[in-house]
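# Commentary on secondary and tertiary structure
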Amino acid sequence: MKFAYKFSNLLGAVYRQGNLHFSKDGNAVISPVGNRVSIFDLKNNTSETLPVSTTKNITSVGVSPDGNLAILVDEDGAALLVSLVTRAVLHHFHFHKPVNSIRFSPDGRKFVVTKENVALMYHAPGKQREFNAFVLDKSYYGPYDETTCIDWTDDSKCFVVGSKDMSTWVFGAERWTNLIYYSLGGHKDVIVGCFFERDSLDLYTVSQDGTLCVWESDTELDGLVLTKRTDKTKMPSQGDDQEEEEEEEAQEGQIIRGKPQNFKNKEKTKNVRYKQMGKHFFNKEGDFNNLTAAAYHKPTNILVTGFASGIFHLHELPEFNLIHSLSISDRRIASVALNSSGDWITFGCSGMGQLLVWEWQSESYVFKQQGHFNNMASLAYSPDGQYIATGGDDGKVKVWNTNSCLCFVTFTEHTSSITNVTFTSSGFVVVSASLDGTVRAFDLHRYRNFRTFTSPRPAQFSSLAVDVSGELVSAGAQDSFEIFLWSMQTGRLLEVLGGHEGPVSCLCFSPVKSILASASWDRTIRLWDMMDSWQVKETLHLTADALSVTYRPDGQELAVASLNGEISFWNPNTAAQVGSVAGRHDLETGRKETDKVTAKQMSKSRCFTSLCYSADGESILSGGQSKFVCIYNVREQMLIKKFEISCNLSFDAMEEFLDRRKMTEFGSLALVDEGAGDGDGVNISLPGVRKGDMSSRHFKPEIRVSSLRFSPTGRSWAATTTEGLLIYSLDGSLVFDPYDLDLDVTPASIRTQLRLEEWASAIVLAFRLNEKALKLEVLETVPHEQIPVICATLPDIYVEKLLGFVATCLEKSGHLQFYMTWAKHLLMLHGQKLKNRSGALLPTLQALQKSIQRHSDNLSKLCDFNMYNIRYAVALSKQRGMKRAAEGDEQNSEDDDDDDEQSEGMSQASLTDAEMIL
């Protein structure tokens, strides 16, 4: 179970390309990220990446109306049918051509896929189990150029398709007598969006040049007449083409071809006609402000349009009233979507990797995330495992929450690429080194840069380390071959360590002693004693350039990755090598498109660039210039498992063999730059150019692993790759790993012990069987008052197991006091014994600390929120009491006046009565 790590989540990237979708309830956004799909829960503020992936980057996503199914289509037209409920792949299909858009009908019975100039209508997968989930119903031919967008009528009777040939085509989903197809013109640029009005055939079409056309139909949806003939209606064709069409019909279902000629209607039914009722133009500022995305909400008649300059408009149709306009980015808005209520609008900006959800009525952000829009260079876990800090080539330092998998703070003070990030031992300070010549410390309480460390001479820092106390900060330079030491408290430069004859590639402090290990390209590892005038304690000589160095968690071993692809293990006390692993052949690098040698030959020059020990120190994680991450057993010095971090062929160095289709007599087609926007790579702009760069070009990023870290809890590990920040976590539910099992240990015998109220015996048997559900059942059956007695009588070997299980349950369970009581009594009664094995129990204790800290943060926020609400309620009641008191005083004064008047009236009445008596 120790190495049953599975892909858990993808961080560091929130949007790349493709269309966005809201879930059925409107509380989640479905976003394509490379060749995967992430779901961002806006209600609970969490994110999740589906454990499915395509072979290339996803360009189109279609979600069924009930929100249970999704169709993912990549750049080559390969499609996956995915269940959003079970997160499983249900069916594979290939369209053989790039797909431009995909859309389900509102009734969920069919979906339309557009590729090239044809629209294909398929039967949607039903509730019954189907062998072939993609059954073609009809093929619609009409546009002369590529299709761009689709929309359906509310009753699923018709759909409309926009095209690059500036035309819009309306097709009938059934064989209507008065509407087979209808072509609309009126635009002078590519159609970006076409939308039906609610319960109507009336249309809105939007083109790239910022033009909106309003089309009115002379027929209602109820006026569509179904063709009475039962045989398949064949469209007129000429000569020998009839037989060819019959053959195509057998393969492609029923074919409908839109042609410029008029068809005679034998039943004299009036055909559907469209009339242009209006034409509106969006405000533009130059050619850079092209309209790039559009979405329409039918119930509220709200049209949202996004532009290449990052501006979006909200208009109310059909009057075309501008509600408001706002700039949310300085890059092109690639996708727009509205939720079911029409209150939230989500925007995707591929250039900056942004995903935004905007509430237009209150004009506020509901969700705002941005990943690193360039390569990620380094990562670090906080000591309790709750946070991950990442640094990228874009000069930004981001801190992510491992529970919500969202970024909650971004530091932008650096002006060049980040080379390394790390946490201090307190967990509330992030330190980063950059090529801009500075090392900065950031406070996670106040979210500010409170220290900036610089060198006397300008230097590019390529490595970073902070000692256990958090007082010493060291950084290595790659140009001056020196190591700089600063004080965290004062920010002063303490010492400059010289001696290396090459760039310093990596630094690492011992976790138990004040000793710094430095790796350099001069084929040496130097150990510097911080307590003895910063002198060199030992020098370890290698056979190749040192690229990475790391200490084991107990500080008794040192692992070094060198340029020859080996990992060597050293005893830092005796300066003796205790073992080595030849991992060059385990990398299995792929072949680049421009390489002229085989992948097998290329792997000989590859090496590991990042190392990390596991939390217990028994294994080591290694990665480098490859798509593989390897885990080695340190004691046996052998490979245990290899993880393939990506199968995305949109990256370079993924293919094993040469693709002869891309080879010509003039060389490889990969050397031809097709220009910005035409390729599937990443655009590069000239330095200093912000927009309107006519010389921008694209490149295909190479897959590689730049940094690896194990979580302090030992439950997961993370890797910064070209694809993003990948997190792999343990999946214990799928692994049967009993302990000291015999024939008497069965679920029946465990439940028998529970009925007899033999709580300690039941716990021991449950942990011997080691099934999570059964352990949870036994533990939560124990009465609360029996917990101290059971903890005192439990054998020592099961104390550690029970403590680890309590730490796991405490992270997600709502029984906070119950599990806290277990943890308290286990630590109080067995604290001294556990302290003797603190090294082995460190991951368990850190997992327990992470769970307790998380609940503490959540409860403190809830208490603060309740306290503010109570204060507000008290202040409001006081205000109302004062108001009522003031009203009461006025009422009393009025009552007094009434009493006076009444008394005067009574006196007058009494006088009158007296006069009458007299």
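Our structure's up above, just so we're on the same page.
Presented here is a report on the structure given in the accompanying data block. (Residues numbered from 1 in each chain as written. Predicted model: local features only at pLDDT ≥ 70, side-chain atom pairs only at ≥ 80, totals over all residues. Heavy atoms only, no water.)

### Details of the overall build of the chain
- Regarding its fold elements, the chain presents 10 helices and 61 strands.
- Excluding contacts between residues fewer than 6 apart, the proportion of contacts in the chain whose partners are at least 24 apart in sequence is 49%.
- For the chain, the computed accessible surface area is about 44,000 Å², with 49% contributed by carbon and sulfur atoms. (Helix = DSSP H or I, 4+ residues; strand = E, 2+ residues; numbered from the N terminus. Contact = heavy atoms within 4.5 Å. Areas by Shrake-Rupley, 256 points an atom, 1.4 Å probe, with all protein chains shown as cover.)

### Overview of the sheet that holds strand β29 (residues 354-359)
- Taken in spatial order, the 4 strands line up as β27-β28-β29-β30 in an open sheet, and their pairing is antiparallel. The open sheet is flanked by β27 (335-338) and β30 (364-370), the only strands paired with a single partner. Here the strands of the sheet are splayed against their neighbours by 15° on average, with no regard to which way each runs.
- Judged from the 6 bridges that link them, strand β28 (residues 344-349) and β29 form a sheet pairing that is antiparallel. Residue Cys349 lies in a different strand from β29, and its bridge partner there is Gln354. (Pairing = 2+ DSSP bridges. Axes fitted to C-alpha atoms, helices over the stretch in contact; angles between N-to-C directions.)

### Examining a nonpolar patch on the surface
- A grouping of Leu859, Leu862 and Phe865 is seen on the molecular surface, where their side chains present a nonpolar patch of about 300 Å² in accessible area.
- Locating Leu859 in the fold gives a position in helix α10 (residues 838-917). (Patch = residues over 30% accessible without salt bridge, like charges linked within 9 Å, V, L, I, M, F, W, Y side chains within 5 Å. Salt bridge = Lys/Arg side-chain N within 4 Å of Asp/Glu carboxyl O.)

### Describing the packing of helix α8 (residues 796-812) against helix α9 (residues 816-836)
- Packing of α8 against α9 brings their axes to within 10 Å, and their N-to-C directions diverge by 145°. Here α8 runs over α9; the crossing is left-handed. Across from Asp796, Val799, Glu800, Leu802, Leu803, Val806, Cys809 and Leu810 in α8, the residues of α9 making contact are Leu816, Tyr819, Met820, Trp822, Ala823, Leu826, Leu827, His830, Lys833 and Leu834.
- When its residues are assigned to classes, the contact of α8 with α9 shows 14 nonpolar, 1 polar and 3 charged. (Left-handed = near helix turned anticlockwise from the far one by under 90°. Nonpolar A, V, L, I, M, F, W, Y, C, P; charged D, E, K, R; others polar.)

### Remarks on the nonpolar core
- Of all hydrophobic cores here, the largest spans 37 residues; its most connected members are Ile763, Leu779, Leu802 and Trp822.
- Per-element accounting of this core gives the leading share, 9 residues, to α8.
- Residues Tyr5, Leu708, Phe710 and Ala719 belong to the second largest nonpolar core, which totals 23 residues. (Core = buried A, V, L, I, M, F, W, Y, C linked by side-chain atoms within 4.5 Å. Buried < 20%, exposed > 50% of the residue type's maximum accessible area, 1.4 Å probe, protein only.)

### With respect to the side chain of Asp443
- Counting through the fold element by element, Asp443 comes out in strand β37 (residues 438-443).
- Assessed through its relative accessible area of 9%, Asp443 is described here as buried.
- Within the structure, the side chain of Asp443 is placed 3.4 Å from the side chain of Arg446, a separation counted as a polar contact. (Polar contact = N/O pair within 3.5 Å; in protein donor to acceptor, adjacent residues only side chain to side chain.)

### Notes on the sheet that holds strand β22 (residues 274-281)
- With antiparallel pairing, 4 strands are arranged side by side in an open sheet as β18-β19-β20-β22. The open sheet has two edge strands with one neighbour each: β18 (191-196) and β22. Each strand axis lies, on average, 20° off the axis of its neighbour in the sheet, ignoring direction.
- Sheet topology note: the strand β20 (residues 211-217)/β22 ladder contains 7 bridges and is antiparallel.

### Digging into the pattern of salt bridges
- Taken as a whole and assessed by the stated rule, the structure comprises 19 salt bridges.
- With its nearest N and O atoms 3.2 Å apart, the salt bridge here joins Arg751 to Glu777. One end of the pair, Arg751, is in helix α4 (residues 747-755); the other, Glu777, is in helix α6 (residues 772-781), with 26 residues separating them in the sequence.
- Judged by its relative accessible area of 35%, Arg751 is partly exposed.
- When salt bridges with common partners are traced through the structure, they connect Arg103, Asp151, Asp154 and Lys298 into a single cluster.

### Focus on the packing of aromatic side chains
- For the structure on display, the rule yields 39 aromatic pairs.
- Taken together, a centroid distance of 4.5 Å and an interplanar angle of 40° make the contact between Phe312 and Phe347 tilted. Taken as a pair, Phe312 in strand β25 (residues 311-316) and Phe347 in strand β28 lie far apart in primary sequence, 35 residues in all.
- Owing to a relative accessible area of 0%, Phe347 belongs among the buried residues under this scheme.
- With a centroid separation of 5.6 Å and 85° between ring planes, the pair formed by Phe461 and Trp486 is classed as edge-to-face. (Phe/Tyr/Trp six-rings, centres within 6.5 Å; stacked < 30°, edge-to-face > 60°.)

### Description of the packing of α4 against helix α5 (residues 759-769)
- For the pair α4 and α5, interaxial distance at closest approach is 8 Å and the crossing angle is 160°. What the angle tells us is that α4 and α5 run roughly antiparallel. With respect to the hand of their crossing, α4 and α5 are arranged in left-handed fashion. Here Pro747, Ser749, Ile750, Gln753 and Leu754 of α4 lie close against α5, whose contacting residues are Trp759, Ser761, Ala762, Leu765, Ala766 and Leu769. (Parallel < 35°, antiparallel > 145°, perpendicular 65-115°, else oblique.)

### What about unusual backbone geometry?
- Following Leu317, the chain continues into Pro318 via a peptide bond in cis, with omega recorded as 5°.
- The phi dihedral of His96 falls on the positive side, at around 70°, and the residue is not glycine.
- Along the chain, His96 turns up in the loop between β9 (88-94) and β10 (99-104).
- Owing to a relative accessible area of 63%, His96 belongs among the exposed residues under this scheme.
- Positioned with a positive phi, Asn301 is a non-glycine residue whose angle comes to about 60°.
- Relative to the helices and strands, Asn301 resides in the loop between β23 (291-297) and β24 (302-307).
- Of the residues examined, Asn301 reaches a relative accessible area of 26% and is grouped as partly exposed.

### A closer look at the state of the cysteines
- By the definition in use, this model includes 0 disulfides.
- No disulfide involves Cys508; its sulfur sits 6.6 Å from that of Cys506, the nearest cysteine.
- Note on Cys508: relative accessible area 15%, which makes it buried. (Disulfide = S-S within 2.5 Å.)

### Observations concerning α9
- Here α9 contains 21 residues, and its C-alpha end-to-end distance of 28 Å stays within 8% of the 30 Å for a straight helix at 1.5 Å per residue.
- Its axis deflected by about 80° at His830, α9 carries its strongest bend there.
- Turning to α9, its buried residues number three or more, namely Phe818, Tyr819, Thr821, Trp822, Ala823, Leu826, His830 and Leu834. (Expected span 1.5 Å × (residues − 1). Bend = angle between axes of the 7 residues up to and from the residue.)

### Structural notes on the environment of Lys396
- Mapped onto the elements of the fold, Lys396 is located in the loop between β32 (387-392) and β33 (397-401).
- When the C-alpha positions of Lys396 and Ser416 are compared, they lie 8.6 Å apart, and in sequence the two are 20 residues distant.
- The residues touching Lys396, leaving out its near neighbours within four places in the chain, are Gln370, His372, Phe373, Thr390, Gly391, Thr410, Phe411, Thr412 and Ile418.

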